[in-house]
Amino acid sequence: MFSVESWLPALPGLAWGWTLLDALLQGEIPRRWPGDSPGDTSDPLLPFPAGLVGACAVSVLCSLLRVYLYIQCVNNPERQAEKEAIAEGRPLLEPLHVLVLTGVLALVGSRVAALVVLEFSLRAISIILSLGKGAHSSQLYLLCQYSLGCGVSCGLSFLLEGALHRSWNLALAAGLAGLLALHARRLAQHVCALYELHSRARYCGICILLLAAGHGIPRLLRNALALTFTVADLAAVELINRDFLSTGEAVRFWTPLTICYTLLVIYMQEESRQSTGRGLVFRTVVVRMGGLFILLLTVGRWTDILHVFVSLLGELWCLLRSGVLLESCWRQ
């Protein structure tokens, strides 16, 4: 088989470069690099494209919610101030948000990302059950931004782990995710700029479609998120269980984790009944990450502690960026 190393000069110190080039030409990311220990089987480049796919998924979610909330404000004369706030676009901030979130998701380890996904899934089930049959909350879609990024990144990394040609698979996934996020952002910009004019004049096919079926966006998001988090939860459980050598170790980890998450859900339900607003959301983030920090102090590794702080920054970044949309959801 053709190999770059077979005809390139074996220069000292550049063996890792030839290995990387040879692996990329064959559509693979090498499991080991020259000089690595025999037990080191981690993929050094895998988290970055997986994190990009997760960040693009968050971008698509926010763009579709922006479209839905803007349409709701257009149809309500009392919400014109909200409509103008949602329509205020900052084109340079969206790529920056995707870039920062990609870096955060790439830095967070699979163990902490899996715990974030499981915690949000339990919290989402509790909120949905408390809302009642047939009800939905647009605010829940915004609160799941970082958890969605962790879920997509975690699930994609797990599904492609050890697969042949995974570098090409990840490149294709990242390219498709970026293209989808770009079109979703353009859709949001188009709606915020021209929806009122086009919907009245029946001029634009996209605006006419949104006029007729725009109310179905929450249902579309609900089904997509349900499928995404189902896959992510299965991947998260598998990623966590692989670190245990025996059933006893697994029980010593899952028992305090279950108790901690149950107490967190009960606390957040009581808090939501007593107060609302942005302050509640940020307090909830701090309490959740604080509980996860204390849990990992007893059953985690020192790298998990660092990843918890990175996750806190990621949660706060997503919430700060979507402040206008959160305000609109609270007023509904």
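Residues numbered from 1 in each chain as written. Predicted model: local features only at pLDDT ≥ 70, side-chain atom pairs only at ≥ 80, totals over all residues. Heavy atoms only, no water.

Going by what an unreviewed UniProt entry lists, the protein is known as TMM82 protein and is assigned to Nicator chloris.

**Student:** Whenever I open this one, the nonpolar core confuses me. Can you help?
**Tutor:** The tendency in soluble globular proteins is for nonpolar side chains to be buried as a group. By size, the foremost hydrophobic cluster in this structure holds 83 residues, and its most contacted members are Leu-61, Leu-115, Tyr-146, Leu-148, Tyr-195 and Leu-292. Dropping the residues within four chain positions of it, Tyr-195 is found in contact with Tyr-70, Ile-71, Val-74, His-190, Cys-207, Leu-210 and Leu-211. (Core = buried A, V, L, I, M, F, W, Y, C linked by side-chain atoms within 4.5 Å. Buried < 20%, exposed > 50% of the residue type's maximum accessible area, 1.4 Å probe, protein only. Contact = heavy atoms within 4.5 Å.)

**Student:** What is the right way to look at a nonpolar patch on the surface in this model?
**Tutor:** On the surface, a cluster of nonpolar side chains totalling about 250 Å² of accessible area is made up of Leu-93, Leu-96 and Trp-317. Secondary-structure assignment places Trp-317 in helix α13 (residues 302-321). Here Trp-317 falls in the partly exposed class, since its relative accessible area comes to 31%. (Patch = residues over 30% accessible without salt bridge, like charges linked within 9 Å, V, L, I, M, F, W, Y side chains within 5 Å. Areas by Shrake-Rupley, 256 points an atom, 1.4 Å probe, with all protein chains shown as cover. Salt bridge = Lys/Arg side-chain N within 4 Å of Asp/Glu carboxyl O. Helix = DSSP H or I, 4+ residues; strand = E, 2+ residues; numbered from the N terminus.)

**Student:** Would you mind going over the state of the cysteines with me for this structure?
**Tutor:** Note on terminology: a disulfide is the covalent bond linking the sulfur atoms of two cysteines. Inspection of the entire model under this criterion finds zero disulfides. Of all cysteine sulfurs in the structure, the one in Cys-204 sits closest to Cys-207, which takes part in no disulfide; the separation is 4.0 Å. (Disulfide = S-S within 2.5 Å.)

**Student:** How do you make sense of the side chain of Ser-147 when you look at a structure like this?
**Tutor:** Mapped onto the elements, Ser-147 comes out in helix α7 (residues 145-160). The exposure class of Ser-147 is buried, given its relative accessible area of 0%. The residues contacting Ser-147, other than those within four sequence positions of it, are Val-116, Val-117, Phe-120, Phe-229, Arg-288 and Glu-315.

**Student:** Looking at this structure, I do not really get the packing of α7 against helix α10 (residues 217-241). What am I missing?
**Tutor:** Each packed pair of helices is defined by two parameters, the angle between the axes and the distance between the axes. Across the interface, α7 lies against α10 with an axial gap of 8 Å and an inter-helix angle of 60 degrees. With respect to α10, the element α7 is oriented oblique. For the element pair α7 and α10, the recorded crossing hand is left-handed. Facing α7, whose interface residues are Ser-147, Leu-148, Gly-151, Val-152, Cys-154, Gly-155, Phe-158 and Leu-159, α10 presents Leu-225, Thr-228, Phe-229, Val-231, Ala-232, Ala-235, Ala-236, Glu-238 and Leu-239. (Axes fitted to C-alpha atoms, helices over the stretch in contact; angles between N-to-C directions. Parallel < 35°, antiparallel > 145°, perpendicular 65-115°, else oblique. Left-handed = near helix turned anticlockwise from the far one by under 90°.)

**Student:** What should I look at first to understand the pattern of salt bridges in this one?
**Tutor:** When charged atoms on two side chains of opposite charge get close, those side chains can pair. Tallied over the full model, the rule gives four salt bridges. Between Arg-111 and Asp-304 there is a salt bridge whose closest N-O contact spans 3.0 Å. One end of the pair, Arg-111, is in helix α5 (residues 110-131); the other, Asp-304, is in helix α13, with 193 residues separating them in the sequence. When sorted by exposure, Arg-111 lands in the same class as Asp-304, which is buried.

**Student:** Quick question: what am I supposed to make of the environment of Ser-138 here?
**Tutor:** Among the secondary structure elements, Ser-138 is positioned in helix α6 (residues 138-143). It is 9.7 Å that separates the C-alpha atoms of Ser-138 and Leu-221, two residues lying 83 residues apart in sequence.

**Student:** Can you walk me through the confidence of the model for the protein in this structure?
**Tutor:** In the predicted model, the protein carries a mean pLDDT of 77, and 77% of its residues have values of at least 70. Mean pLDDT across the elements of the protein bottoms out in helix α1 (residues 15-25) (55) and peaks in helix α2 (residues 47-74) (89). Ignoring residues within four places in sequence, the model shows residues 1-8, a span with pLDDT below 50, making 14 contacts including any to other chains. Confidence drops under pLDDT 50 across residues 27-45; counting only partners more than four residues distant or on other chains, this segment forms 37 contacts. (pLDDT = per-residue confidence, 0-100.)

**Student:** Would you take a moment to explain the packing of aromatic side chains for this structure?
**Tutor:** The relative placement of two aromatic rings is captured by the distance of their centres and the angle of their planes. Tallied over the full model, the rule gives two aromatic pairs. Ring centres of Phe-120 and Phe-229 lie 5.1 Å apart, and the angle between their planes is 35 degrees; on these two criteria the pair is classed as tilted. Within this pair, whereas Phe-120 is found in helix α5, its partner Phe-229 is found in helix α10, the two being separated by 109 residues in sequence. By relative accessible area, Phe-229 is classed as buried at 8%. (Phe/Tyr/Trp six-rings, centres within 6.5 Å; stacked < 30°, edge-to-face > 60°.)

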